[in-house]
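The residues making up each chain are set out below.
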Amino acid sequence: MKISDVVVALKEVEVTPSKILKMTLKKHQNEDHALYVLYFHKENVQLNNLRKIKAVFHCIVQWNYYSNKTKAPAQCRNCQWFGHGSSTCFRQPKCVKCGNSHKTSDCPLTADREGRNVRLPDDQLKCANCDQHHTAYFKDCVKRKEYIEARNLQLHQHKSQRSRLVPFQMQNSAFPQLRGSGGRPAIESPGHRGPSFSSVLQREYQESPVSPP
């Protein structure tokens, strides 16, 4: 549904946001679903009142606060480190549970005699990144927090550097115009068509004839 149609449908239920954005959903999600972000002026609307509206334009709707928190870092399922995926990883594989040098699916500690996966006790868990007793996916892992802090610091420095950049302004006085033979400009200014390369060579040959040996 277009945003203009959403505006009309919301007016029918007496909802008038100041701004509407349509979000892009992942490809594997249902094509019948749509996600919109509605902006309201402060104290003009309450979430509890919005949740009383169950349908808009014959479509079932759900209302929630929009959260734009920092996304979790990408984590490789092969080496368990951060910042890349397993499809581009060439490091030695490490188990997400025991931290040893093998694929998680081949972990001998998590398979019983019948080949079924079993849960490891906490004292046998070992993080592949910090060697502590938890899986490599643990959100409070020390190495994970250090990586997030370093990444946020790098992004902050990059933004501050971009804010200090001064746009370059070319001054014609700093770049004197090149002169060809006869004092003519070798490079014409934009908007003025200069002589072709072949005509310049022909003129140079006529002005400086080569005598036979």
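Residues numbered from 1 in each chain as written. Predicted model: local features only at pLDDT ≥ 70, side-chain atom pairs only at ≥ 80, totals over all residues. Heavy atoms only, no water.

What follows covers the overall build of the protein chain. Looking only at helices and strands, the protein chain has four helices and four strands in total. Helices and strands appear in the protein chain in the N-to-C order α-β-β-α-β-β-α-α. Evaluated residue by residue, the protein chain yields a buried proportion of 19% over its 213 residues. The long-range fraction of contacts in the protein chain, counting pairs at least 24 apart against all pairs at least 6 apart in sequence, stands at 30%. (Helix = DSSP H or I, 4+ residues; strand = E, 2+ residues; numbered from the N terminus. Buried < 20%, exposed > 50% of the residue type's maximum accessible area, 1.4 Å probe, protein only. Contact = heavy atoms within 4.5 Å.)

As a further point, take the nonpolar core. Ranked by size, the top nonpolar core spans ten residues in total: Val6, Ala9, Leu10, Val15, Ile20, Leu47, Leu50, Ile53, Val56 and Trp63. The set of elements that each furnish at least two residues to this core consists of helix 1 (3-12) and helix 2 (47-50). Setting aside its immediate chain neighbours within four residues, valine 6 contacts Met1, Ile20 and Tyr36. (Core = buried A, V, L, I, M, F, W, Y, C linked by side-chain atoms within 4.5 Å.)

Let us now look at unusual backbone geometry. In this model, phenylalanine 57 sits at a positive phi of 55 degrees, which is unusual for a non-glycine residue. Note on placement: phenylalanine 57 falls in the loop between strand 3 (55-56) and strand 4 (59-60). Given the relative accessible area of 48%, phenylalanine 57 is considered partly exposed. The phi dihedral of histidine 58 falls on the positive side, at around 65 degrees, and the residue is not glycine. Of note, histidine 58 is situated in the loop between strand 3 and strand 4.

Here we come to the environment of lysine 52. With respect to the helices and strands, the residue lysine 52 is situated in the loop between helix 2 and strand 3. Measuring from C-alpha to C-alpha, the distance between lysine 52 and glutamine 62 comes to 9.6 Å, with ten residues separating the pair along the chain.

Within the secondary structure layout, valine 142 lies in helix 3 (residues 142-164). The class for valine 142 is partly exposed, based on a relative accessible area of 46%. It is 6.8 Å that separates the C-alpha atoms of valine 142 and cysteine 130, two residues lying twelve residues apart in sequence.

For helix 1, every residue scored as buried is listed here: Val6, Ala9 and Leu10. Along the axis of helix 1, the buried residues cluster in a sector spanning 100 degrees; they form a single face. What points out from helix 1, more than 90 degrees from its buried face, is the exposed set Lys11 and Glu12. On its buried face, helix 1 sits against strand 1 (19-23), strand 2 (35-39) and strand 3. (Arc of directions from axis to C-beta.)

For histidine 84, the location among the structural elements is in the loop between strand 4 and helix 3. Under the relative-accessibility criterion, histidine 84 is labelled buried at 18%. In terms of polar contacts, histidine 84 uses its side chain to reach the backbone carbonyl oxygen of phenylalanine 82, at 3.5 Å. The residues contacting histidine 84, other than those within four sequence positions of it, are Ala74, Gln75, Cys76, Cys79, Cys89 and Arg91. (Polar contact = N/O pair within 3.5 Å; in protein donor to acceptor, adjacent residues only side chain to side chain.)

A separate point is the state of the cysteines. Scanning the entire structure with this criterion turns up zero disulfides. The closest cysteine sulfur to the non-disulfide-bonded cysteine 89 is located on cysteine 76, 3.7 Å from its own sulfur. Here cysteine 127 stays free of any disulfide, with the sulfur of cysteine 130 as its closest cysteine sulfur at 3.7 Å. Taking the relative accessible area as the measure of exposure, cysteine 127 reaches 0% and is therefore buried. (Disulfide = S-S within 2.5 Å.)

Looking now at the packing of aromatic side chains. In total, this model carries three aromatic pairs according to the counting rule given. Look at tryptophan 81 and tyrosine 147: their rings are 6.3 Å apart centre to centre, the planes differ by 80 degrees, and that puts the pair in the edge-to-face class. Taken together, the residues tryptophan 81 in the loop between strand 4 and helix 3 and tyrosine 147 in helix 3 connect sequence positions 66 residues apart. Members of the aromatic cluster, each reached through a chain of ring pairs, are Trp81, Phe82 and Tyr147. Its guanidinium or amino end placed over the ring of tyrosine 39, lysine 19 lies 5.5 Å from that ring's centre, counting from NZ or CZ. (Phe/Tyr/Trp six-rings, centres within 6.5 Å; stacked < 30°, edge-to-face > 60°. Lys NZ or Arg CZ within 6 Å of the ring centre and 35° of its normal.)

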